[in-house]
Amino acid sequence: VQLQASGGGLVQAGGSLRLSCAASGRTFSITTMGWYRQAPGKQRELVAVILSGASTQYANSVKGRFTISRDSAKNTVYLQMNSLKPEDTAVYYCNAESRGPSGSNWFWGQGTQVTVSS
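Residues numbered from 1 in each chain as written. Predicted model: local features only at pLDDT ≥ 70, side-chain atom pairs only at ≥ 80, totals over all residues. Heavy atoms only, no water.

Overview of the side chain of serine 98
Consideration 1: Relative to the helices and strands, serine 98 resides in strand E9 (residues 90–100).
Consideration 2: One polar contact links serine 98 to serine 29, side chain to side chain, over a distance of 2.5 Å.
Consideration 3: What serine 98 contacts, discounting residues up to four positions off in sequence, is Val1, Ser29, Ile30, Gly103, Ser104, Asn105 and Phe107. (Helix = DSSP H or I, 4+ residues; strand = E, 2+ residues; numbered from the N terminus. Polar contact = N/O pair within 3.5 Å; in protein donor to acceptor, adjacent residues only side chain to side chain. Contact = heavy atoms within 4.5 Å.)

Below you can see the structure in the form of structure tokens.
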């Protein structure tokens, strides 16, 4: 599975961005997809995940502001980010779980920079 993320950029506080992550390869094996982020000097943290049944989970810090969605026909996961804050500044990574007979493997995209100015 290969993941290609896009959509990052520079935005003022209060603004919006939409991230996209397109999967290719053995996409039929993908179950959970999600977004993580890593700010300078901090550990990578979960932002949002969407399970194969379309249920979602969010970090408390983004609840009510971010929305994760998935287009299975396009093998793409999106992260709509509204009311952005400077503390949302980070490199955002998409992630996918691929399940097979031997278990699960996790794959990462290359990361896309999101910078929110105050």
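Right, picking up where we left off after that structure.
Side note on the sheet that holds strand E8 (residues 76–81)
Consideration 1: Ordered in space as E1-E3-E8-E7, the four strands form an open sheet in which the pairing is antiparallel. The outermost strands of the open sheet, each flanked by one partner alone, are strand E1 (2–6) and strand E7 (66–71). In this sheet, neighbouring strand axes are inclined to one another by 15° on average, regardless of whether the strands run parallel or antiparallel.
Consideration 2: Where E7 and E8 come together, six bridges link them in antiparallel fashion. Within the sheet, the bridge partner assigned to threonine 67 lies in E8 and is glutamine 80. (Pairing = 2+ DSSP bridges. Axes fitted to C-alpha atoms, helices over the stretch in contact; angles between N-to-C directions.)

Structural notes on the pattern of salt bridges
Consideration 1: Overall, the coordinates contain four salt bridges when judged by the stated rule.
Consideration 2: A salt bridge links arginine 65 to aspartate 88; the nearest nitrogen and oxygen atoms lie 2.7 Å apart. In this pair, arginine 65 is assigned in the loop between strand E6 (56–58) and E7 and aspartate 88 in the loop between E8 and E9, connecting sequence segments 23 residues apart. As far as the burial class goes, arginine 65 and aspartate 88 line up, both buried.
Consideration 3: Through salt bridges that share partners, Arg37, Glu45, Arg65 and Asp88 make up one connected network. (Salt bridge = Lys/Arg side-chain N within 4 Å of Asp/Glu carboxyl O. Buried < 20%, exposed > 50% of the residue type's maximum accessible area, 1.4 Å probe, protein only.)

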